[in-house]
Amino acid sequence: MLETDREQMILRNLPLVAFVVGKMKDESGSMSFDREDALAYGIEGLIQAVDNYDASRGTTFASYAIRRIRGSILDAIRRMDLLPRSLRKSAREVERTNIALAMTLGRWPPP
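Notes on the structure in this doc start here. Everything quoted here is computed from the prediction, not taken from an experiment.

**Examining the pattern of salt bridges**
Moving on, step 1. Scanning all chains against the criterion turns up two salt bridges.
Moving on, step 2. One salt bridge in this structure joins Arg6 and Asp51, with 2.6 Å as the shortest N-O distance. Within this pair, whereas Arg6 is found in helix H1 (residues 3-12), its partner Asp51 is found in helix H3 (residues 35-52), the two being separated by 45 residues in sequence.
Moving on, step 3. Exposure remark for Arg6: the relative accessible area of 22% places this residue in the partly exposed category.
Moving on, step 4. Across the pair Asp75 and Arg78 runs a salt bridge, and its minimum N-O distance is 3.6 Å. Within this pair, Asp75 and its partner Arg78 are both found in helix H4 (residues 61-80), separated by three residues, close to a single helical turn.
Moving on, step 5. Judged by relative accessible area, which is 40%, Arg78 ranks as partly exposed.

Put into structure tokens, the structure is as follows:
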């Protein structure tokens with residue numbers, strides 16, 4: 001792919017990055033970092049998608065790029081997180097259990 005074709009493809013598909021960032025914000029209610037940071041990481045994912053796209057695999061560029069953009073943003077969030085995912089999962093499970101107990105007991109369980 002010529003450099004100008006690559007640049008044009010990146011520029012033509014930049015709206016996909018904003019679409020993915022907006023969708024991720026809608027799904028989570030908030031993002032764990034700034035929208036501009038998410039856009040920057042999304043652009044990195046778009047560039048990777050442009051560089052690695054293989055049309056012979058039978059998928060459209062947009063669907064491939066959306067997954068790469070989302071993955072790039074999620075990878076960045078995970079790198080910035082101080083706690084491992086397993087610990088986050090355990091914390092969510094404890095919180096769900098506390099809520100279930102509070103509903104059953106009619107009060108918050110003791111710590």
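**A word on the packing of aromatic side chains**
Geometrically, a pair of aromatic rings is defined through the distance of the ring centres and the angle of the planes.
Moving on, step 1. Applying the stated criterion across every chain yields a total of two aromatic pairs.
Moving on, step 2. Ring centres of Tyr53 and Phe61 lie 5.2 Å apart, and the angle between their planes is 90°; this geometry places the pair in the edge-to-face category.
Moving on, step 3. A relative accessible area of 25% places Tyr53 in the partly exposed class.
Moving on, step 4. Residue Phe61 is classed as buried on the basis of its relative accessible area of 10%.
Moving on, step 5. With centroids separated by 5.8 Å and ring planes inclined at 45°, the aromatic side chains of Tyr53 and Tyr64 adopt a geometry described as tilted. Here Tyr53 is found in the loop between H3 and H4, whereas its partner Tyr64 is found in helix H4, with eleven residues between them in sequence.
Moving on, step 6. Residue class for Tyr64 comes out buried when judged on its relative accessible area of 17%.
Moving on, step 7. An aromatic cluster of three or more residues is present, and its members are Tyr53, Phe61 and Tyr64.

About the cut-offs
- Residues numbered from 1 in each chain as written.
- Predicted model: local features only at pLDDT ≥ 70, side-chain atom pairs only at ≥ 80, totals over all residues.
- Heavy atoms only, no water.
- Salt bridge = Lys/Arg side-chain N within 4 Å of Asp/Glu carboxyl O.
- Helix = DSSP H or I, 4+ residues; strand = E, 2+ residues; numbered from the N terminus.
- Buried < 20%, exposed > 50% of the residue type's maximum accessible area, 1.4 Å probe, protein only.
- Phe/Tyr/Trp six-rings, centres within 6.5 Å; stacked < 30°, edge-to-face > 60°.

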